Amino acid sequence: MIENTENYLDDDALTLVGRFEEMIKAETLYYFDVHEFESIIDHYIEKGNLLEAVKVSNIANKQHPGAISLQIKKAQILVDREQHLEALSILKDIQGIESSNKEILLLKGNIYNHIGKPELAKKQFDKALQVSYENREDLLFRIALAFEQLSQFSLAVEYLEEALELDEEDSEVLFELGYCYEKIGEDDQSIMAYEQFLELNPFSDNAWYNLGIIFNRMGNFPKAVEAYEFTLAVNDQHSKAYFNKANALANQGLFEKAIKCYTEYLEFDDDHASTYSYIGECFEKMDEYEQALINYETAIKTDENLADPWFGMGLILMYQDKIDECLVYLEKAKNLDDTNSDYWFALGSAYARANSPQKAVQAFREAIDLDPYDTTYPITLAEYYHQNENEETAIDVLLESLVQTPNCPQLLSNLAAYYAITGDIKSSEHYIRQAIDIDSENINDIFIQFPELKKNKIFTKLIKANQ
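Bear in mind the structure is a predicted one, so any value in this text is a computation, not a measurement.

**So, the overall build of the protein chain**
Step number 1: Looking only at helices and strands, the protein chain has 27 helices and 2 strands in total.
Step number 2: Against the 2.2 N^0.38 benchmark of 23 Å for 467 residues, the protein chain shows a C-alpha radius of gyration of 33 Å, more extended than a compact globule.
Step number 3: Within the protein chain, contacts between residues separated by at least 24 positions form 49% of all contacts whose residues are at least 6 apart in sequence.
Step number 4: Taken as a whole, the protein chain presents about 24,400 Å² of accessible surface, with 46% of it coming from carbon and sulfur.
Step number 5: With 39 positive and 85 negative side-chain charges, the protein chain shows a separation of 5 Å between the mean positions of the two kinds.

**Observations regarding the side chain of Lys 73**
Step number 1: Assignment of secondary structure puts Lys 73 in helix α4 (residues 68-80).
Step number 2: Judged by relative accessible area, which is 14%, Lys 73 ranks as buried.
Step number 3: There is a polar contact of 2.5 Å between the side chain of Lys 73 and the side chain of Asp 42.
Step number 4: Residues contacting Lys 73, with those up to four places away along its chain left out, are Glu 38, Ile 41 and Asp 42.

**A word on the layout of surface pockets**
Step number 1: Estimates place the volume of the largest pocket at around 460 Å³.
Step number 2: As for the largest pocket, its lining consists of 16 residues, of which Leu 107, Asn 110, Arg 142, Ala 146 and Gln 149 are closest to the centre.
Step number 3: Among the elements of the structure, α4, α6 (102-114) and α8 (136-149) are those that each provide at least two residues to the lining of the largest pocket.
Step number 4: Across the lining of the largest pocket, the residue classes break down as 9 nonpolar, 4 polar and 3 charged.

**Some words on unusual backbone geometry**
Glycine aside, a negative phi is what most residues show, and trans is what most peptide bonds show.
Step number 1: In this structure, Asp 287 takes a positive phi of about 65 degrees despite not being glycine.
Step number 2: Taking relative accessible area as the criterion, Asp 287 reaches 54% and is therefore assigned exposed.
Step number 3: Phi is positive for Glu 389, close to 55 degrees, though the residue is something other than glycine.
Step number 4: Assessed through its relative accessible area of 72%, Glu 389 is described here as exposed.

**With respect to the packing of aromatic side chains**
Step number 1: Summed over all chains, the structure comprises 23 aromatic pairs.
Step number 2: Their ring planes at 65 degrees and their centres at 5.9 Å tell us that Phe 243 and Tyr 262 sit as a pair that is edge-to-face. With a gap of 19 residues between them, Phe 243 in helix α14 (residues 239-251) and Tyr 262 in helix α15 (residues 255-266) connect regions that are remote in the sequence. Like Phe 243, the residue Tyr 262 is buried in the burial classification.
Step number 3: When the ring centre of Trp 310 is taken as origin, the NZ or CZ atom of Lys 332, which lies over that ring, is 5.5 Å away.

**Some thoughts on the environment of Asn 206**
Step number 1: Relative to the elements of secondary structure, Asn 206 occurs in helix α12 (residues 205-217).
Step number 2: Note: C-alpha distance between Asn 206 and Ala 273 (67 residues apart in sequence) is 26 Å.

**Section: the pattern of salt bridges**
Step number 1: Within this structure, the stated rule accounts for 15 salt bridges.
Step number 2: Between Lys 122 and Asp 126 there is a salt bridge, with its nearest N and O atoms 3.0 Å apart. A residue pair is termed a helical-turn pair when its members lie 3 or 4 positions apart in one helix, as Lys 122 and Asp 126 do in helix α7 (residues 118-130) at 4 residues.
Step number 3: Classification of Asp 126 as partly exposed rests on a relative accessible area of 23%.
Step number 4: Several salt bridges share partner residues, and in doing so they unite Lys 122, Asp 126 and Glu 158 into one network.

**Brief notes about helix α19 (residues 323-336)**
Step number 1: Taking 1.5 Å per residue, 14 residues should reach 20 Å; α19 reaches 20 Å between its end C-alpha atoms and fits that length.
Step number 2: Taken together, the buried positions of α19 are occupied by Ile 323, Cys 326, Leu 327, Leu 330, Ala 333 and Lys 334. Within α19, the buried residues cover an arc of 130 degrees as seen down the axis, which keeps them to one side. The outward face of α19, more than 90 degrees from its buried face, is lined by the exposed residues Asp 324, Val 328 and Asn 335.

**Remarks on the environment of Asn 466**
Step number 1: Structurally, Asn 466 can be placed in helix α27 (residues 457-466).
Step number 2: Measuring from C-alpha to C-alpha, the distance between Asn 466 and Asn 220 comes to 37 Å, with 246 residues separating the pair along the chain.
Step number 3: Apart from residues no more than four positions distant in its own chain, Asn 466 is found in contact with Glu 429, Ile 432, Arg 433 and Ile 436.
Step number 4: Among the polar contacts made by the side chain of Asn 466, one reaches the side chain of Arg 433 at a distance of 3.1 Å.

**Structural notes on a negative patch on the surface**
Step number 1: A contiguous patch of negative charge, built from Glu 161, Glu 165, Glu 168 and Glu 169, is present on the exposed surface.
Step number 2: Inspection of the secondary structure assignment puts Glu 168 in the loop between α9 (153-166) and α10 (171-183).

**Points about helix α5 (residues 84-95)**
Step number 1: Compared with the 16 Å implied by 1.5 Å per residue over 12 residues, the 16 Å span of α5 between its first and last C-alpha is a close match.
Step number 2: Within α5, the full set of buried residues consists of His 84, Ala 87, Leu 88, Ile 90, Leu 91, Ile 94 and Gln 95. All buried residues of α5 project into a common sector of 160 degrees when viewed along the axis, lining one side. Relative to its buried face, α5 has exposed residues pointing more than 90 degrees away, namely Leu 85 and Asp 93.

**Here's the deal with the side chain of Asp 439**
Step number 1: Relative to the helices and strands, Asp 439 is located in the loop between α25 (425-438) and α26 (446-449).
Step number 2: Within the buried set, Asp 439 has no salt-bridge partner at all; the shortest N-O distance to an opposite charge, 17 Å, is to Arg 433.
Step number 3: A distance of 3.3 Å separates a polar side-chain atom of Asp 439 from the backbone nitrogen of Glu 441.
Step number 4: A polar side-chain atom of Asp 439 sits 2.8 Å from a polar atom in the side chain of Asn 442.

About the criteria used
- Residues numbered from 1 in each chain as written.
- Predicted model: local features only at pLDDT ≥ 70, side-chain atom pairs only at ≥ 80, totals over all residues.
- Heavy atoms only, no water.
- Helix = DSSP H or I, 4+ residues; strand = E, 2+ residues; numbered from the N terminus.
- Rg over C-alpha atoms; globule rule 2.2 N^0.38 Å.
- Contact = heavy atoms within 4.5 Å.
- Areas by Shrake-Rupley, 256 points an atom, 1.4 Å probe, with all protein chains shown as cover.
- Lys, Arg positive; Asp, Glu negative; His and termini not counted.
- Charge placed at Lys NZ, Arg CZ, Asp CG, Glu CD.
- Buried < 20%, exposed > 50% of the residue type's maximum accessible area, 1.4 Å probe, protein only.
- Polar contact = N/O pair within 3.5 Å; in protein donor to acceptor, adjacent residues only side chain to side chain.
- 1 Å grid on protein atoms, 1.4 Å probe; cavity = no way out; pocket = protein on both sides within 12 Å on 5 of 7 lines; lining within 4 Å.
- Points joined across faces, edges and corners; volume = space filled by probe spheres on them.
- Nonpolar A, V, L, I, M, F, W, Y, C, P; charged D, E, K, R; others polar.
- Phe/Tyr/Trp six-rings, centres within 6.5 Å; stacked < 30°, edge-to-face > 60°.
- Lys NZ or Arg CZ within 6 Å of the ring centre and 35° of its normal.
- Salt bridge = Lys/Arg side-chain N within 4 Å of Asp/Glu carboxyl O.
- Expected span 1.5 Å × (residues − 1).
- Arc of directions from axis to C-beta.
- Patch = residues over 30% accessible without salt bridge, like charges linked within 9 Å, V, L, I, M, F, W, Y side chains within 5 Å.

Okay, here's the thing in structure tokens:
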């Protein structure tokens, strides 16, 4: 039977939960009013104990079958358990009774979001805004977060911008705006939002860190380093800031400073293999090959399935003319990641030096197929054919590449050079003109690659005549 406990009511949720659990243990039935059941359900939802929340909801709905708020709670639990259609069915039923209930509209919006119907979600959210006359800013923020959680960042921005109009100094809104702008590639807007946020919250390490990511992506490495330094000034345990600062320093060619930051990062992160590989690359760029090899070897010992250190080892061995050893490492890197065009290109260069023309050409071709927009690959393959006195095939390689990158002055000037070498002056002039139209300042660089053409009076006259 239902025990009358009207005088036993307690506003403390933990006390209510204790009473409920006592009731279950005693296998009896206590009375709880609607608000008490809501508090107990919220407690279990917050704890992530959805099975217990379902149990409470079932008992609550038996005691209070007409309580709309308990039906909404039941639907919320179903949403949390990803039983979206069942939740939607409940909400549609009770919406006939309370068509302007904000919580019903918000839950329906969340469901439509989760099942991949953001436009229907937006309609429900907008209806909720229409019937809500208080705390509009809070509601806009909640809707924005619902879209943000499912990567609907453009829709989230729409609501965050409206919320910001209501309060230009709402730091939560500014932070989320910065994040969403970043996700949709609006970097300048993102920076502006984060900087406004940081004026209000200068000790937010996450905001400084996010700002660093954006500056890094924009190629503004000094500003990125500055942002990461602020991150670490606020929180010297922010491990990723050490790593990203190291990357930004390396991108500026400040390899010694980068190595120091990578070394500091090693104290925090378990991914030591990648970090040792990056340190090896810094030493490689400084031409300190022995130190580079030591770090690449350490990376391989830490994780033999990481391709980058195998690649780095292969490059250094190639620089040192140890071609047979180099090929072992480059082949290993390629086998670990056969979609990396740089690995195939290096392999092609190594096979060319090993006098294995068939393998060299195959590797160069793989690099071109994987990244047809990197003109270094076809230009190098054409040069390889030229070294083997096969200018016609070199021309064919460059013409194929020209389809993908028709406005590349290097491709055009190389074509002009090869046509001049083969004696096709008309075609040579055609490509000289195109190359000069795009980049007239650097056309003479072609003589660095083809010094023999300095003696070709016809070719030199063609360049001067079209400059």
